[in-house]
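# Structural features, examined
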Amino acid sequence: VIASFFAPLLLAISMSPREQDEVDRHVRRILADAPYGFCHDEAYPLTWDEVEWCPLVQDNPRCPALEHACKAPRAELVGPPGRLSRRTVSKDDAPQQRAEGPDRRREPEPTEVEIPALGGFAELLFWFIVVAGVLALVLAIARNLAKGKGPEATPEREGDAAKTAADVAAAAARRAMETDVDRLLAMASDCAARGEFADAVDFSHAALLRRLDHDGLIRLHRARTNGDYVQDLRSNADLYTPVRDALRRIDRAQFGTEPPQRPMFEDIFARITAIVKRAGPVAVLALVVGMLSLACDPEGEGGKSYPWPRSPSGTDGVLELLRARGFEAEQRVGALDAFGDDTQHGALVVVMLGDSGATEAEWKAIDEWVQGGGRLVLAGAHIPPWLDATIQYDSAADTIAPTRVTDEFAGSYPVPYVMVPETAVLSTANDHVLLARDDDPYAVRYDRGAGTVVVLADDNLFINATLPVADNAIFLESLLRDLGRRVEFVDAWADIGADDPFESIRRTHLTAAVVQLLLLIIALYLWRGIRFGRPRDPIPPSRRAFVQHAVAMGHQYGRARATGHAAAAYAGWVLDRLRDRYPIAAAAGLHGLAQHVAARSSRDDTEVMRLLVEAHGAVESRTGVGSPGEDLALVRDLGRLMRELSFGNEKGGRR
Amino acid sequence: MTPAEFGDNCQRIRAQVGRVLLGQEEVVEHALVAILARGHVLIEGVPGLGKTLLVRVLSRVLGCTQKRIQFTPDLMPSDVTGGNVFNQRLDQFEFVQGPVFTQLLLADEINRAPAKTQSSLLEAMQEASVSADGLTRPLPRPFFVMATQNPIESQGTYPLPEAQLDRFLLKIGVEHPSRDTEKQIVRHHLAGFNPSAIEEAGLEQVVDAGTIVEMQNALQSINVSEDMLEYITDIVARTRAHRSVLLGASPRGSIALATAARAKAGLDGRDFVIPDDVKALAPAVLRHRLILQPDAEFEGLSADLCIGQILSEAQVPKTAA
């Protein structure tokens, strides 16, 4: 009697009609946003779980398209479950019948693939490599920073009008060694400040070329001219003209009759700065466009995307409503066993949604937190052993019956019932039933220590789909306001991130791969690292001289003891040369040639004739003249004859 | 003459020549470089590529006289330079000028004449004067020789010795035009262009001989910086050290490269030489000054390839790399 007497009063205190209108206005505003596509797109692909809401959204002015979306093809989920999943339209045109069997959300987790992680010595080696790498990196950065301060640490340049060749060479070396564009520009400014405009122009020039080279727009090389670089940019209409103009001015400053002065430097510097700022974004833009084109879905979805957080199953709309109503509402990403000092004041309300879970240790920590004054809502989440409730699923239940607020709590909430799909109820001995379906409890309340726990059979009240339905949003706000003003939603993604990169590697079981990669890098460094590490000219392609080929072939003959073959080849060469030189005598045959050669070399006719006949015989037989000794004697005799005829004095003849 | 005026004159000359001579921009540019640098050009190419037309067009646009000598094995030196002929009416010898007394001379197929005849022309090219019977007669200014030789035929020819080749500032290889350019040429002829009557082509005379000489003199004011001198001498020195080159370019090659680079700078309206000028002209200046190793020739290497290697290795002054 007392309760029924005070109920209207409590109702008025909990939320006035004006505030209820305010909630309704916020809900309409949130759902009117285009990202909540299920309220605007009549072809929005709903999942099978979301279709359960269809009987509750007939002729709903807050979400007009959802009714039509119920008749559209169903969605297929792609990717990991929850927030990162992506929905695509089912290939079938008509809505499909839901497959028989257990609720899909409750299906077992996918099987994990266990990859063994390293331990013991390997882990020690891993950490050693990581520490060594970090130290090397720090050392390199420190060395570069020291180099960057180089120009400031050269006071001897002050007032040095006539620079020596060594100074010029040192400046050129600095330009060649320094590859950081910003540092080169800073060096240019420093030089200009000291009045060394020639050096300033050179550094500006280097900065421009380095920027273009880094962006892959030109190929920087010490033998390439400014004209070559301009040619490289012919296909780049945006940069071609400004770079060409800047390089023309640099040419004038570097090779012109007048040494560069401040106005000339400032003109060049301004042009280069503009190009340097432009070239980076152009390259980045090209890269991004390329990556986007690669990332495009080949199947195509007509440009539509359906992000999970703003789908009917997401929670962004609910969080937005709570924030609009003065709550500090957010998705929890931190660990479940560390709620911090805020719990001492009972201000934090943790809502664990259906796909969330906790380990035994975490449940223990949560229990301690609740007993210390924490407020916990378990909305379809796994129920810990210290609560005497279980969830029972009933897929055959009537899905349009209201879930009413029990008499015990009727005065605490401004609405008498909520409308959610009836797929689950609770089985509990607790008398503090907050919401009930017929005689089955849907939500119960526990007082545990100084804290409170509210258990719901599912998380339907906390997802976006609940917002347009009946007065669910008003009840939701009242429920949470009763518990606290700071709300954190916990789903499967809470506490999933690693605390540090090493933890991340360990969790992904990539330790072995990373160690192997580092070992490979070390091996590469030891093998080619020094050459990679120091700027130097590319090794020119080597080409063997013809004489080297001839010598190599001679060695081959020598190793094979092919004296006959060598003698035949050499004799053939000698006869050819003699016939070329004395063509008239050669026309008379070997005899005429021998007479002519004898006259030229002051040798006896007979001796020369014998030599030429032996040479001819060796050529004809292709196997030399006899024994190896005789073959070598023939080669020596022919060589002496050629020297006497001055063949050896010709260029290349000795070879 | 200011650099801008210099460049403007050259631009107008190129535009006028380009109206008639299609697809030969590089040859025209090299010819202008040689004229401005007081040098001469040796063109190697098959007949029918417009060499005679180039000389005639240039003479028209530059306002200079032009003559052509067809070199043959029986051509005598006096056929080139002229000689003393007895005048019976005056009862005395008088000098009759040969075709070399002109401003633009096309020496067609120079390698068909014997060495003695070639030498008579080469002396005129070097000294810009002709000596006969103890008297030296200066040639008109400007004096520019464009000699040609056919790279294909070798029978009955007298190749120019290296020492004489060295006297040409540039050696240009003329290739057949591209298919599109050739179509343009044919279209041009079908439209009524007659190469033997270029007076009807409507070409304008851009400058006169005096202006050309003035431009030649103006080259002296074009700056060749110390860095550029270093670059030029480095390139030439590398021709001597190249493993495939038996005999590299002489100091005359360095001078020729610097002079030609100056002319190129003037052509582009600049009063200073930049590395691009040197790099663009190095092949034309150096290719006929190199003698390759016999084994390099066996392997198919050419002077152009060697120069290309050298240019790809020689450090450009003021580079950032």
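Cut-offs used in this document
- Residues numbered from 1 in each chain as written.
- Chains lettered and ligands numbered in written order.
- Predicted model: local features only at pLDDT ≥ 70, side-chain atom pairs only at ≥ 80, totals over all residues.
- Heavy atoms only, no water.
- Helix = DSSP H or I, 4+ residues; strand = E, 2+ residues; numbered from the N terminus.
- Buried < 20%, exposed > 50% of the residue type's maximum accessible area, 1.4 Å probe, protein only.
- Contact = heavy atoms within 4.5 Å.
- Areas by Shrake-Rupley, 256 points an atom, 1.4 Å probe, with all protein chains shown as cover.
- Buried area = accessible area lost by both parts, 1.4 Å probe.
- Salt bridge = Lys/Arg side-chain N within 4 Å of Asp/Glu carboxyl O.
- Polar contact = N/O pair within 3.5 Å; in protein donor to acceptor, adjacent residues only side chain to side chain.
- Nonpolar A, V, L, I, M, F, W, Y, C, P; charged D, E, K, R; others polar.
- pLDDT = per-residue confidence, 0-100.
- Disulfide = S-S within 2.5 Å.
- Pairing = 2+ DSSP bridges.
- Axes fitted to C-alpha atoms, helices over the stretch in contact; angles between N-to-C directions.
- 1 Å grid on protein atoms, 1.4 Å probe; cavity = no way out; pocket = protein on both sides within 12 Å on 5 of 7 lines; lining within 4 Å.
- Points joined across faces, edges and corners; volume = space filled by probe spheres on them.
- Patch = residues over 30% accessible without salt bridge, like charges linked within 9 Å, V, L, I, M, F, W, Y side chains within 5 Å.

## Some remarks on the overall build of chain B
Check the secondary structure of chain B and you find 13 helices and eleven strands. Expressed as a percentage of its 321 residues, the buried residues of chain B come to 53%. A sequence separation of at least 24 residues applies to 77% of the contacts in chain B between residues at least 6 apart. On chain B, roughly 14300 Å² of surface is accessible, and the fraction owed to carbon and sulfur atoms is 50%.

## Re the overall build of chain A
On a plain count of helices and strands, chain A comes out with 22 helices and 13 strands. The buried share of chain A, taken over its 655 residues, is 41%. Accessible surface, chain A: about 35700 Å² in total, of which carbon and sulfur atoms supply 57%.

## A few points about the interface of chain A and chain B
Taken residue by residue, the interface counts 31 residues in chain A and 31 residues in chain B. Overall, the association of chain A and chain B removes approximately 2600 Å² of surface from exposure, summing both partners, and the carbon and sulfur fraction of that is 51%. Per-residue buried area on chain A facing chain B is highest for Arg 222, Phe 255 and Arg 543 of chain A; these three make up 33% of the total on that side. Our count for the contact surface shared by chain A and chain B stands at three salt bridges. Its salt-bridge partner being Asp 228 of chain A, residue Lys 279 of chain B comes within 2.7 Å of it at the nearest N-O pair. The tally of links from chain A across to chain B stands at eleven residue pairs in polar contact (both at pLDDT 80 or more). Counting only elements with at least two residues in the side of chain A that touches chain B, the list comes to helix H6 (165-177), helix H8 (197-214), helix H9 (226-232), helix H10 (237-255) and helix H17 (546-560) of chain A. Ranked by the residues each element gives to the side of chain A that touches chain B, the list is headed by H8 of chain A, at five residues. Looking at the side of chain A that touches chain B residue by residue, the class counts come to nine nonpolar, ten polar and twelve charged.

## Focus: the confidence of the model for chain B
All names here are of chain B. Predicted confidence across chain B gives a mean pLDDT of 86, with 98% of residues reaching 70 or more. Summarising per-element confidence for chain B, the mean pLDDT is lowest in helix H12 (residues 294-298) (75) and highest in helix H11 (residues 275-286) (93). The ipTM for the predicted assembly is 0.85, set against a pTM of 0.51.

## A look at the pattern of salt bridges
Under the definition given, this model contains 44 salt bridges over all chains. Across the salt bridge formed by Asp 367 of chain A and Arg 448 of chain A, the nearest N and O atoms sit 2.5 Å from each other. Taken together, the residues Asp 367 of chain A in helix H13 (residues 360-371) and Arg 448 of chain A in strand S11 (residues 440-448) connect sequence positions 81 residues apart. Its relative accessible area of 11% is what places Asp 367 of chain A among the buried residues. Here Arg 448 of chain A falls in the partly exposed class, since its relative accessible area comes to 23%. Note that Glu 607 of chain A and Arg 603 of chain A form a salt bridge whose closest N and O atoms lie 3.2 Å from each other. On the accessibility criterion, Glu 607 of chain A (34% relative accessible area) is partly exposed. Through salt bridges with shared partners, a single network forms among Arg 14, Glu 29, Lys 264, Asp 268, Arg 270 and Asp 277 of chain B.

## Quick word on the confidence of the model for chain A
Residue and element names in this part refer to chain A. Residues at a pLDDT of 70 or more form 77% of chain A, whose mean pLDDT is 78. Here helix H1 (residues 2-14) is the element of chain A with the lowest mean pLDDT, 46, and helix H12 (residues 316-324) is the one with the highest, 91. Across residues 1-13, where pLDDT falls below 50, the model places seven contacts with residues more than four positions away in sequence or in other chains. Under a pLDDT of 50 for its full length, residues 648-655 has, in the predicted model, ten contacts with residues more than four places off or in other chains.

## Re the state of the cysteines
All names here are of chain A. Taken as a whole and judged by the stated rule, the model has two disulfides over all chains. Here Cys 39 connects covalently by a disulfide to Cys 63, the sulfurs 2.0 Å from one another. With the S-S dihedral at roughly -100 degrees, the linkage between Cys 39 and Cys 63 falls on the left-handed side. In this pair, Cys 39 is assigned in the loop between helix H2 (17-32) and helix H3 (48-51) and Cys 63 in the loop between H3 and helix H4 (66-69), connecting sequence segments 24 residues apart. Neither Cys 39 nor Cys 63 differs from the other in exposure class; each is buried. The side chain of Cys 54 participates in a disulfide bridge whose partner is Cys 70; the two sulfur atoms lie 1.9 Å from each other. Handedness of the Cys 54-Cys 70 disulfide follows from its S-S torsion of about -100 degrees: it is left-handed. With Cys 54 in the loop between H3 and H4 and Cys 70 in the loop between H4 and strand S1 (75-78), this pair connects stretches of sequence that are 16 residues apart. Of the two residues examined, Cys 54 and Cys 70, each falls in the buried class. Assigning the bonded cysteines of chain A consecutive numbers by sequence position, one obtains the connectivity 1-3, 2-4.

## Some remarks on the sheet that holds strand S8 (residues 417-418) of chain A
Strand pairing in a sheet relies on backbone hydrogen bonds, with the paired strands running either antiparallel or parallel. All names here are of chain A. Spatial ordering of the open sheet is given by S3-S13-S4-S5-S12-S11-S10-S7-S8, a layout of nine strands whose pairing is mixed. Among the strands making up the open sheet, the edge pair consists of strand S3 (328-331) and S8. In the sheet, strand S7 (residues 403-405) pairs with S8 via two bridges, with the strands oriented antiparallel. Bridge pairing links Arg 404 to Tyr 417 in S8. In the packing of H12 onto the sheet, the strands contacted are S3 and strand S13 (486-490), and the crossing angle to S3 comes to about 160 degrees.

## Details of the side chain of Ser 59 of chain B
As for its placement among the helices and strands, Ser 59 of chain B is situated in helix H3 (residues 51-62). Aside from chain neighbours lying at most four places away, what touches Ser 59 of chain B is Cys 64, Thr 65, Gln 66 and Leu 104 of chain B.

## Some words on empty space enclosed by the protein
The final tally for this structure, using the stated rule, is two cavities of 30 Å³ or more. Quantified by volume, the largest cavity comes out at close to 70 Å³. As for the largest cavity, its lining consists of 16 residues, and the residues nearest its centre are His 205 and Asn 226 of chain A together with Val 316, Pro 317 and Lys 318 of chain B. Breaking the lining of the largest cavity down by element, the ones donating at least two residues are H8, H9 and H10 of chain A together with H11 of chain B. A per-element tally of the lining of the largest cavity places H10 of chain A first, with three residues. Considered class by class, the residues forming the lining of the largest cavity number seven nonpolar, five polar and four charged. As a volume, the second largest cavity reaches approximately 40 Å³. For the second largest cavity, the full set of lining residues is Leu 21, Gln 24, Val 27, Ile 43, Leu 49, Gly 50, Lys 51, Leu 54 and Val 174 of chain B. Looking at the lining of the second largest cavity residue by residue, the class counts come to six nonpolar, two polar and one charged.

## Observations regarding the sheet that holds strand S9 (residues 170-173) of chain B
Residues and elements named next belong to chain B. An order of S2-S5-S8-S1-S9 is seen for the five strands of this open sheet, with the pairing classed as parallel. One side of each edge strand has no neighbouring strand; the edge strands of this open sheet are strand S2 (66-70) and S9. Averaged over all adjacent pairs, the angle separating strand axes in this sheet is 20 degrees, with direction ignored. Pairing between S2 and strand S5 (residues 104-108): five bridges, direction parallel.

## As for H12 of chain A
All names here are of chain A. Regarding H12, the residues found buried are Gly 317, Val 318, Leu 319, Leu 321 and Leu 322. Here the buried face of H12 lies against H2, S3, helix H14 (472-483) and S13. At the exit of H12 stands Gly 326, carrying a positive phi of roughly 95 degrees.

## Concerning a nonpolar patch on the surface
Residues Leu 517, Leu 520, Ile 521, Leu 524 and Trp 527 of chain A make up a contiguous nonpolar surface patch of roughly 550 Å² in combined accessible area. Positionally, Leu 517 of chain A belongs in helix H16 (residues 511-533).

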